Amino acid sequence: MIAANGVTLQYGKRVLFEKVGIAFTPGNCYGIIGANGSGKSTFLKILSGEIEPNAGDVSLAPNARLSTLKQDQFAYDEYDVLTTVIMGHKKLYDCIQEREKIYANFNEDQGLRAAELEDQFAEMNGWSAEADAAKLLSDLGIQESLHSMKMKQLEARQKVRVLLAQALFGDPDVLLLDEPTNQLDVETSMWLEEFLYDFKNTAIVVSHDRHFLDKVCTHICDIDFGKIQLYAGNYSFWYESSQLALRQKQEGNKKVEEKRKELQAFISRFSANASKSRQATSRKKLLEKLTLEDIRPSSRKYPYVAFKSEREAGNDLLDIEGLTKSVDGKVMFRNFVLHVNKGDKIAFIGRNDLAKTTLFQILMGETAQDGGTFKWGASTTRAYFPKENSKYFDTDLSLVDWLRQFSNEKDENFIRGFLGRMLFSGEESLKSARVLSGGEKVRCMLSKMMLTGSNVLILDEPTNHLDLESITALNTGMEQCKGTILFSSHDHQFVQTVANRIVEITPNGFIDRQQTTFDEYLMDEHIKKRREALYLQPQA
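These lines cover the structure that appears in this document, whether it is placed above or below. (Residues numbered from 1 in each chain as written. Predicted model: local features only at pLDDT ≥ 70, side-chain atom pairs only at ≥ 80, totals over all residues. Heavy atoms only, no water.)

**Observations regarding the pattern of salt bridges**
Part 1 of the reasoning: By the definition in use, this model includes 27 salt bridges.
Part 2 of the reasoning: A salt bridge links Glu469 to Arg300; its shortest N-O distance comes to 2.3 Å. A residue pair is termed long-range when its members are at least 10 positions apart, and Glu469 in helix α16 (residues 468-480) and Arg300 in the loop between α11 (278-288) and β10 (318-327) qualify at 169 residues. Like Glu469, the residue Arg300 is buried in the burial classification.
Part 3 of the reasoning: Across the pair Asp344 and Arg501 runs a salt bridge, and its minimum N-O distance is 2.6 Å. (Salt bridge = Lys/Arg side-chain N within 4 Å of Asp/Glu carboxyl O. Helix = DSSP H or I, 4+ residues; strand = E, 2+ residues; numbered from the N terminus. Buried < 20%, exposed > 50% of the residue type's maximum accessible area, 1.4 Å probe, protein only.)

**Focus on the side chain of Glu179**
Part 1 of the reasoning: Within the fold, Glu179 resides in the loop between β6 (174-178) and α7 (186-197).
Part 2 of the reasoning: Buried and unpaired, Glu179 has no salt bridge, with Lys40 as the nearest side chain of opposite charge at 6.4 Å.
Part 3 of the reasoning: Apart from residues lying up to four places away in sequence, Glu179 is in contact with Leu69, Val206, Ser207 and His208. (Lys, Arg positive; Asp, Glu negative; His and termini not counted. Contact = heavy atoms within 4.5 Å.)

**Brief notes about empty space enclosed by the protein**
Part 1 of the reasoning: If you walk through the whole model with that rule in mind, you get 1 cavity of 30 Å³ or more.
Part 2 of the reasoning: What the largest cavity holds in volume is close to 40 Å³.
Part 3 of the reasoning: Lining the largest cavity we find Tyr231, Ala232, Phe237, Ser241, Leu290, Asp294 and Ile295.
Part 4 of the reasoning: Elements with a contribution of two residues or more to the lining of the largest cavity: β9 (227-232) and α9 (235-250).
Part 5 of the reasoning: Looking at the lining of the largest cavity residue by residue, the class counts come to 5 nonpolar, 1 polar and 1 charged. (1 Å grid on protein atoms, 1.4 Å probe; cavity = no way out; pocket = protein on both sides within 12 Å on 5 of 7 lines; lining within 4 Å. Points joined across faces, edges and corners; volume = space filled by probe spheres on them. Nonpolar A, V, L, I, M, F, W, Y, C, P; charged D, E, K, R; others polar.)

**Some points on helix α4 (residues 111-123)**
Part 1 of the reasoning: Between its first and last C-alpha atoms α4 spans 18 Å; for 13 residues at 1.5 Å apiece the expected length is 18 Å, and the two agree.
Part 2 of the reasoning: When we look at burial in α4, the residues that qualify are Ala114, Leu117 and Phe121. Buried positions in α4, seen along its axis, are confined to an arc of 60° and lie on one side of it. Turned more than 90 degrees away from the buried face of α4, the exposed residues are Leu112, Asp119 and Glu123.
Part 3 of the reasoning: Of the surrounding secondary structure, the elements contacted by the buried residues of α4 are α3 (90-104).
Part 4 of the reasoning: Just downstream of α4, Asn125 is the residue with a positive phi angle, here 60°. (Expected span 1.5 Å × (residues − 1). Arc of directions from axis to C-beta.)

Okay, structure coming up:
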């Protein structure tokens, strides 16, 4: 359906892709993965024709329609919401425009053209276009009262959903989605997963959301060292099979037949977990055809993340009583009550990210509550990962000297060794803290937290800006942590595997469920009804 043929892209001396040849076929969903800066989004732009490669080309099947998730939220500000969605099908939209223009000033000379347009309009399901666009918008959480408004009147998170509806509209033959789950709530992300489960054409997605990649992908395209290698299976299968291949490579004495049996047992385990969705069924068939030669060890490097407490906390961790806070006249939470137990790993969820950030800021003494109280246990020591960290890096200190500020051990070799484990090796450890990328800053903040040896961790969206390798390492580190953790995250798998308690905050109340996983929480029918009631209830 769409293929890259010998594609090469180079910026100065830096080669992003070299002689990439890969074909994407109908009925499959391809996940593009790679380290930050490897060129995932750039490759999608090459496929869409937005960027011209230095060599090679992209071929699209004749008459195939390609649709992309637009990133410019302001491009459609002067159009109403419903029209913006229909504009995703350019041929249909152009037909509608010309058709309306002819009928506005109709004369007999235009009769033949009008008839042609009517045929095209009917062939492209033009009669149901507005209804189809409206349903997509509603499914993505854009209520009907907003459909006739101008795009410029919407909030940023609403614009993102409209642009997603635009990309999905009209059943495109090839669908390119760059980080489609950004700014989507849990319910909307789940709806998108279902949509892609049953998408019959070709979908290519870039995402840092491992749960999303696992749910929808039949293949993984790994960008590494300017090459793109295609693998059958979802993200978890790619990751675990690459680790299996690495272990087998290190076990040089193991016989080929033993390795083959190990691979087949591994494939059988993954295939048995397949759901009945189109993507999962396709994935199962692909996995069953794999041979020993099809899996390869990954060259990716993973940072080392481990949180070890210097001393164990007592049983009194944290008590919150009647906490209330409003920001700019909007209620974040009211009469919030929580008793935190030793060993709790609490995921704070909710549709308002600012409410969770504000709660963490209050608990860390960075802002004051409007009412209520909270009390930390005397034996607790706390480490905080704020969502916004720029103030920590407003300095010309080298990375070694920056981290030294937060370490009891000041020895240069110790600090360099610690940075090395967080993938800052050699000269990288001497660059200025001020010039770090978003992902590098996150790794530095995690290093700072690890050095404190605290027994309570508070993390506000820690996976933002991280690549998949760093997210995986952080995920493992938090799973293995013996202390108490309070955190927020939009990463489904992160919450599912780390949290043993879910607290959902709304302006109209809260839900607190102990000893539960995220998936159990979402599937519980009683909780579903309670959540709907809380969000539908108007603020007092």
